[in-house]
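So you can see what is in the structure, the chains are spelled out below.
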Amino acid sequence: MLFNSHAFLFGFLPVVLLAYFAAARRGREYGNLVLALASLFFYAWWDLRYLPLLLASIVGNYACSLQIRAAHGAARQRWLVAALAGNLALLGWYKYAGFLAGSVAQATGWDMPALKIVLPIGISFFTFTQIAFLVDTARGHVSESRFLHYLLFVTYFPHLIAGPVLHHGEMMPQFADDRNRWPRAANFAVGATIFFIGLGKKVLIADSLAPYANVLFAEPHDVSLLVAWGGVLAYAFQLYFDFSGYSDMAIGLSRLFGVQLPLNFASPYKATSIMEFWRRWHMTLSRFLRDYLYIPLGGNRRGPARRSANLMATMLLGGLWHGAGWNFVIWGGLHGLYLVIGQAWRALAQRMGWRGGTAGALAGWALTFAAVCVAWVFFRAPDLDTALAILSGMFGAHGVQLPATLGAHLGGLKSALDAAGIGWYQGGTSRFIETWGWVAAASAIAFALPNTQQIMHRFAPALDAAGGMATATRLAWRPARRHAVLVGTLAVLGLLSLNRPTDFLYFQF
């Protein structure tokens with residue numbers, strides 16, 4: 001069920017809110033039970049056949065967590081290894097079996113029939129969530145043993161399909177908090193505002209950018225520099241507002257129930273280094289990869305060479321987590337390489353005593369954004385040939401061209417462009433202008449405006465939305481008429497755009 005669908009907004013959500021608070025009046029656990037059952041219904045709406053798989057994963061992992069807690073010494077490690085192997089095997093079969101079989105067939109020439117395995121929606125998120133729970137159980141960090149709380153922790157519908165990746169320590173106490181048994185006007189005002197900001201990002205911006213990105217990745221050959229960059233930037237901002245919108249909607253929905261989710265997105269395109277980018281993009285996944293992969297591998301404790309190897313391994317696996325395909329491996333490898341170069345540059349700059357200043361920060365931002373966009377080409381392209389064709393256009397292999405119709409309206413400027421070697425092509429004028437118009441509008445919003453948590457900073461919009469938030473002075477939300485009109489207008493525009501609900505891009509991961 002999509003957050004941006006009529007069935008969810010006018011059917012599921014109001015019914016669940018009424019049922020939850022009615023049940024919670026009788027007791028906290030009644031409310032939790034309603035919320036857990038509603039979350040299972042939410043998941044089954046996509047495909048009822050995969051509900052048993054989700055339940056089996058939850059019951060199996062819960063049973064393993066009890067065994068791990070009860071065991072000591074080597075037995076505890078054996079239970080942990082067995083549980084992790086089971087989770088990785090499940091994820092491996094559904095997500096990577098087809099990819100591996102295809103790769104083997106291609107490498108060996110075997111006439112192997114293609115494996116047509118449907119990827120259960122959200123499997124990466126609920127598997128990672130449970131792996132973190134098991135590891136923390138083995139480390140002795142988990143004290144929660146109520147199955148209902150565990151069921152709700154894993155299935156809680158605002159995060160189930162596309163994150164954020166939750167940590168039990170930040171969620172279990174909230175599920176046990178008696179203050180959340182009753183509806184509160186403040187939670188509804190803050191939650192609805194965050195939700196409608198997210199809905200606007202998704203249906204008004206991301207979905208509007210999608211056609212201009214799709215046409216480039218469908219017809220990538222012999223594209224000139226501006227056409228290639230226009231399509232890639234359209235995708236870069238489509239993904240940005242799609243994921244940012246989903247993250248806002250999840251946080252807003254959860255707030256209606258009085259539960260705060262962790263922050264998952266913090267203006268990553270404003271980052272001035274690739275390290276900062278990964279502290280702002282998909283923050284809960286970055287936290288998971290850091291705590292449960294990078295640090296156990298040794299982190300940065302064994303010297304620069306080992307740190308570089310750990311970074312590469314972490315990002316390669318992070319790339320594979322996003323999808324089974326060589327393009328995702330390259331995307332992860334590129335970001336691993338970016339991080340290695342970024343760490344090396346930071347160490348060199350410190351030794352030289354170079355601080356950079358404003359010019360350095362600006363250069364760092366431009367280089368980081370360009371590098372991220374180049375990597376997005378592999379992330380979005382259906383195959384390697386398409387990615388390479390687009391990259392050749394981005395680096396000017398087919399020159400710089402503008403629509404001939406546009407040139408006819410430039411007067412004397414056209415002669416100057418001719419002298420500069422600019423070429424002209426027939427047709428496509430509207431698409432060119434619309435692409436760059438949407439890219440310019442999206443750029444202005446992403447780079448110049450405060451993000452949602454800055455706008456809502458007075459009301460603790462997310463669990464860790466703290467430092468640096470008090471910068472949105474003029475746009476800072478408050479329960480006042482002017483802000484009610486603005487949010488109401490945004491809500492109406494968003495709801496009127498629901499005639500063509502589209503999937504969120506991160507659903508496929």
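The name an unreviewed UniProt entry gives the protein chain is Probable alginate O-acetylase AlgI, with Pseudoduganella albidiflava as the organism. Checking UniProt for the protein chain, the heading Pathway (unreviewed entry) contains the comment "Glycan biosynthesis; alginate biosynthesis."

(A) A look at the overall build of the protein chain. If you tally the helices and strands in the protein chain, you get 21 helices and 2 strands. Relative to its length of 509 residues, the protein chain is compact, with a C-alpha radius of gyration of 24 Å against a globular reference of 23 Å. Over its C-alpha atoms, taken along the principal directions, the protein chain stretches across nearly 75 × 65 × 55 Å. Evaluated residue by residue, the protein chain yields a buried proportion of 54% over its 509 residues. Sequence-distant contacts, at least 24 apart, represent 73% of the contacts inside the protein chain between residues at least 6 apart. Total accessible area computed for the protein chain in this model is approximately 22,600 Å², and 65% of it derives from carbon and sulfur atoms. If you average the places of the 38 positive and of the 21 negative side-chain charges in the protein chain, the two averages end up 11 Å apart.

(B) View of the nonpolar core. One finds Phe3, Phe8, Tyr43, Phe153, Tyr156, Phe157 and Phe257 to be the most contacted residues of the largest nonpolar core, which totals 86 residues. Considering each element in turn, this core owes the most residues, 10 residues, to helix H5 (residues 123–138). Leu233, Trp278, Leu339 and Leu391 belong to the second largest nonpolar core, which has 61 residues in total.

(C) Examining the environment of Phe12 more closely. Within the fold, Phe12 resides in helix H1 (residues 6–24). Taking the C-alpha atoms as reference, Phe12 lies 26 Å from Gln130; in sequence the two are 118 residues apart. Among all residues touching Phe12, those that are not within four sequence positions of it are Met1, Ala7, Ala38, Phe41, Phe42 and Phe157.

(D) Main features of the packing of aromatic side chains. For the structure on display, the rule yields 57 aromatic pairs. Of note, Arg26 hangs over the ring of Tyr30, and the distance from its end group to the ring centre comes to 4.7 Å. The ring of Trp321 carries Lys95 above its face, with NZ or CZ at 5.1 Å from the centroid.

(E) Here's a closer look at the packing of helix H10 (residues 225–256) against helix H19 (residues 429–448). Relative orientation of the contacting elements H10 and H19 amounts to 45 degrees, with a least axis distance of 9 Å. Relative to H19, H10 is oriented oblique. With respect to the hand of their crossing, H10 and H19 are arranged in left-handed fashion. Residues Leu226, Val227, Trp229, Gly230, Gly231, Leu233, Ala234, Phe237, Tyr240 and Phe241 of H10 lie in contact with H19, whose contacting residues are Phe432, Thr435, Trp436, Val439, Ala442, Ser443, Ile445, Ala446 and Phe447. Per-class residue counts for the contact of H10 with H19 are 15 nonpolar, 4 polar and no charged.

(F) Local environment of unusual backbone geometry. Here Asp222, not a glycine, exhibits a phi torsion of approximately 60 degrees, which is positive. Tracing the sequence through the fold places Asp222 in the loop between helix H9 (185–218) and H10. When its relative accessible area of 60% is taken as the criterion, Asp222 is described as exposed. Residues other than glycine seldom take positive phi values, yet Ala460 does so here, at roughly 45 degrees.

(G) Structural context of the packing of helix H6 (residues 147–155) against helix H8 (residues 168–175). It is at 10 Å that the axes of H6 and H8 come closest, and there the two elements cross at 120 degrees. When the axis of H6 is compared with that of H8, the two are oblique. Considering only the axes of H6 and H8, their crossing is right-handed. From H6, His149, Tyr150, Leu152 and Phe153 reach across to H8, where they touch His168, Met171, Met172 and Phe175. Of the residues in the contact of H6 with H8, the class split is 6 nonpolar, 2 polar and no charged.

(H) Expanded view of the pattern of salt bridges. One pass over the full model with this rule turns up 11 salt bridges. Of the charged contacts, one joins Asp177 and Arg179 as a salt bridge, the two residues approaching to 2.7 Å between their closest N and O atoms. Since its relative accessible area comes to 58%, Arg179 is described here as exposed. Here Asp248 and Lys201 are joined by a salt bridge, their closest N and O atoms 2.6 Å apart. Within this pair, whereas Asp248 is found in helix H10, its partner Lys201 is found in helix H9, the two being separated by 47 residues in sequence. There is no split in this pair, since Asp248 and Lys201 are both buried. Because the salt bridges share partners, they merge into one network encompassing Lys202, Asp207 and Asp242.

(I) Layout of helix H14 (residues 326–352). With 27 residues, H14 extends 38 Å from end C-alpha to end C-alpha; this agrees with the ideal 39 Å at 1.5 Å per step. Backbone geometry just downstream of H14 places Gly353 in the positive-phi region, at approximately 75 degrees.

(J) Inspection of a nonpolar patch on the surface at higher detail. Taken together, the side chains of Trp345, Leu348, Met352 and Trp354 define a hydrophobic patch exposed on the protein surface, amounting to about 450 Å² of accessible area. Here Met352 lies in helix H14.

(K) Layout of the side chain of Arg307. Among the secondary structure elements, Arg307 is positioned in helix H13 (residues 303–322). The buried charged residue Arg307 lacks any salt bridge partner; its closest oppositely charged side chain belongs to Asp291, at an N-O distance of 16 Å. Not counting chain neighbours up to four residues away, the residues in contact with Arg307 comprise Tyr294, Gly299, Asn300 and Gln343.

(L) Main features of the environment of Phe195. Note that Phe195 resides in helix H9. Judged by relative accessible area, Phe195 falls into the buried class, the value being 5%. Taking the C-alpha atoms as reference, Phe195 lies 4.2 Å from Met249; in sequence the two are 54 residues apart. If sequence neighbours within four positions are ignored, Phe195 has contacts with Phe3, Leu9, Asp248, Met249, Gly252 and Leu253.

Cut-offs and rules
Just so you know, the residues in each chain are numbered from 1, in the order the chain's sequence is written. With the structure being a predicted model, the display of local features is reserved for residues of pLDDT at least 70 and the display and counting of side-chain atom pairs for 80 or more, all residues being used for whole-chain, interface and lining totals. Excluded from the side-chain calculations are hydrogens and water; all other atoms, namely the structure's heavy atoms, are used. UniProt positions are given in the numbering used here, feature names are shortened, and annotations may be inferred rather than shown by experiment. To qualify as a helix, a DSSP run of H or I must reach at least 4 residues; to qualify as a strand, a run of E must reach at least 2; elements of each kind are numbered from the N terminus. Both definitions apply: the radius of gyration is a C-alpha atom measure, and the globule rule equals 2.2 Å times residues to the power 0.38. Exposure classes here rest on a 1.4 Å probe applied to the protein chains alone. A residue is buried below 20% of its type maximum, exposed above 50%, and partly exposed in between. Working rule for contacts: check all heavy atoms of both residues, and any pair within 4.5 Å makes them a contact. Residue exposure ignores everything except the shown protein chains as possible cover, and the areas themselves are Shrake-Rupley values with a 1.4 Å probe. Note that His is not counted, nor are the chain ends; the positive residues are Lys and Arg, and the negative ones are Asp and Glu. By convention, the charge on Lys lies at NZ, on Arg at CZ, on Asp at CG and on Glu at CD. Residues grouped as a nonpolar core are buried Ala, Val, Leu, Ile, Met, Phe, Trp, Tyr and Cys residues, joined through side-chain atoms within 4.5 Å. For Phe, Tyr and Trp, rings pair up if their centres lie within 6.5 Å, where Trp contributes its six-membered ring, and each pair is then called stacked (planes under 30 degrees apart), edge-to-face (over 60) or tilted (otherwise). Note on geometry: a ring has a charge over it if NZ (lysine) or CZ (arginine) is within 6 Å of the ring centre and within 35 degrees of the ring normal. Here an angle of 0 to 180 degrees is reported between the N-to-C directions of two axes, which are lines fitted to C-alpha atoms, with helices fitted over the stretch in contact. Working rule for angles: under 35 degrees goes down as roughly parallel, over 145 as roughly antiparallel, 65 to 115 as roughly perpendicular, anything else as oblique. Crossing handedness is read from the near helix: turned anticlockwise from the far helix by less than a right angle, it gives a left-handed crossing, and turned clockwise, a right-handed one. Note on residue classes: Ala, Val, Leu, Ile, Met, Phe, Trp, Tyr, Cys and Pro are nonpolar, Asp, Glu, Lys and Arg are charged, and everything else, Gly too, is polar. Salt bridges are defined by distance alone: a side-chain nitrogen of Lys or Arg within 4 Å of a carboxyl oxygen of Asp or Glu. Expected span of a helix, by definition, is 1.5 Å for each gap between consecutive residues, and there is one gap fewer than residues. Patch membership requires over 30% relative accessible area and the absence of a salt bridge. Like charges are linked within 9 Å, and nonpolar side chains (Val, Leu, Ile, Met, Phe, Trp, Tyr) within 5 Å.

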